[in-house]
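Structure at a glance
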Amino acid sequence: MLGAQGRAVHQCDRGWAPVFLDREQSISLMSVGFLLEKPDEAVVWRGPKKNALIKQFVSDVAWGELDYLVVDTPPGTSDEHMATIEALRPYQPLGALVVTTPQAVSVGDVRRELTFCRKTGLRVMGIVENMSGFTCPHCAECTSVFSRGGGEELAQLAGVPFLGSVPLDPALMRTLEEGHHFIQESPGSPAFAALTSIAQKILDATPACLP
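Residues numbered from 1 in each chain as written. Predicted model: local features only at pLDDT ≥ 70, side-chain atom pairs only at ≥ 80, totals over all residues. Heavy atoms only, no water.

A tally of regular secondary structure across the chain gives seven helices and eight strands. Computed over its C-alpha atoms, the radius of gyration of the chain comes to 18 Å, within 12% of the 17 Å expected for a compact globule of 211 residues. Dimensions along the principal axes, computed over C-alpha positions, put the chain at roughly 55 × 40 × 35 Å. Among the 211 residues that make up the chain, the fraction classed as buried is 32%. Sequence separation of 24 or more characterises 63% of the internal contacts of the chain that already satisfy a separation of 6 or more. Counting only carbon and sulfur atoms, one obtains 55% of the accessible surface of the chain, whose full area is about 13,700 Å². Of note, the chain has its 17 positive side-chain charges centred 7 Å away from the centre of its 24 negative side-chain charges. (Helix = DSSP H or I, 4+ residues; strand = E, 2+ residues; numbered from the N terminus. Rg over C-alpha atoms; globule rule 2.2 N^0.38 Å. Buried < 20%, exposed > 50% of the residue type's maximum accessible area, 1.4 Å probe, protein only. Contact = heavy atoms within 4.5 Å. Areas by Shrake-Rupley, 256 points an atom, 1.4 Å probe, with all protein chains shown as cover. Lys, Arg positive; Asp, Glu negative; His and termini not counted. Charge placed at Lys NZ, Arg CZ, Asp CG, Glu CD.)

On to the confidence of the model for the chain. As a general rule, the predicted coordinates of low-pLDDT regions are not to be interpreted in detail. When pLDDT is averaged along the chain, the result is 86; 98% of the residues meet or exceed 70. Within the chain, the lowest mean pLDDT, 78, falls on helix α6 (residues 182–185), and the highest, 94, falls on strand β5 (residues 96–100). (pLDDT = per-residue confidence, 0-100.)

So, about the side chain of Ser 189. The topology assignment puts Ser 189 in the loop between α6 and α7 (190–209). For Ser 189, a relative accessible area of 8% corresponds to the buried category. A distance of 3.1 Å separates the side chain of Ser 189 from the backbone nitrogen of Ala 191, its partner in a polar contact. Discounting chain neighbours no more than four positions away, the residues touching Ser 189 are Asp 169 and Phe 182. (Polar contact = N/O pair within 3.5 Å; in protein donor to acceptor, adjacent residues only side chain to side chain.)

Our next topic: the packing of aromatic side chains. Following the criterion strictly, the structure yields one aromatic pair and no others. On the numbers, 6.0 Å between centres and 65 degrees between planes, the contact of Trp 16 with Phe 57 is edge-to-face. One end of the pair, Trp 16, is in strand β2 (residues 15–17); the other, Phe 57, is in helix α1 (residues 47–59), with 41 residues separating them in the sequence. (Phe/Tyr/Trp six-rings, centres within 6.5 Å; stacked < 30°, edge-to-face > 60°.)

With that settled, consider the environment of Thr 196. Topologically, Thr 196 is positioned in helix α7. Thr 196 sits in the partly exposed class, given a relative accessible area of 40%. A sequence separation of 13 residues divides Thr 196 from Ile 183, and the C-alpha atoms of the two residues are 9.5 Å apart. A polar atom in the side chain of Thr 196 sits 2.7 Å from the backbone oxygen of Phe 192.

This is the structure:
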């Protein structure tokens, strides 16, 4: 999605140098995929080894001065999530951004993730509903493929902010698959408007979250 496949991680005097996505080095990236010899290789590691790598990604990467550090985790409440929180806790993380899809099965999983955040003392910055309808590329009509409103209802029940809904958008899917710049290529896309609104809400709330 970011056009970084095949890039390599290098050692520097401060540890691992992350992969930079632009010449200005404004966006840096670290992934276990950069450490594999083959892109199709599976990571078959037990908990302690995975947890150690998570800690290394936080403390042994030369991130430099950051505005934000975004950690993308898979769904669930596993050891990896615990290890991530413990590795970030000394840096006072702002909180978790929770993403769900509208259908009841996904909302049920996310409800458990909200409980996980409360038990670990991690603030929930808000909930985003992804795949919230399909936007037709011809008429721009949005059809609710997976129902609608599950994320907003969950946010109300949990007492956390609902940040917005992102529709299924062919333009977004195409640019992600091809590694192109979605913002530059599809500024009129409904998904662009939704994502921009969500990002602005997060930025507006950030000063209130800072210690």
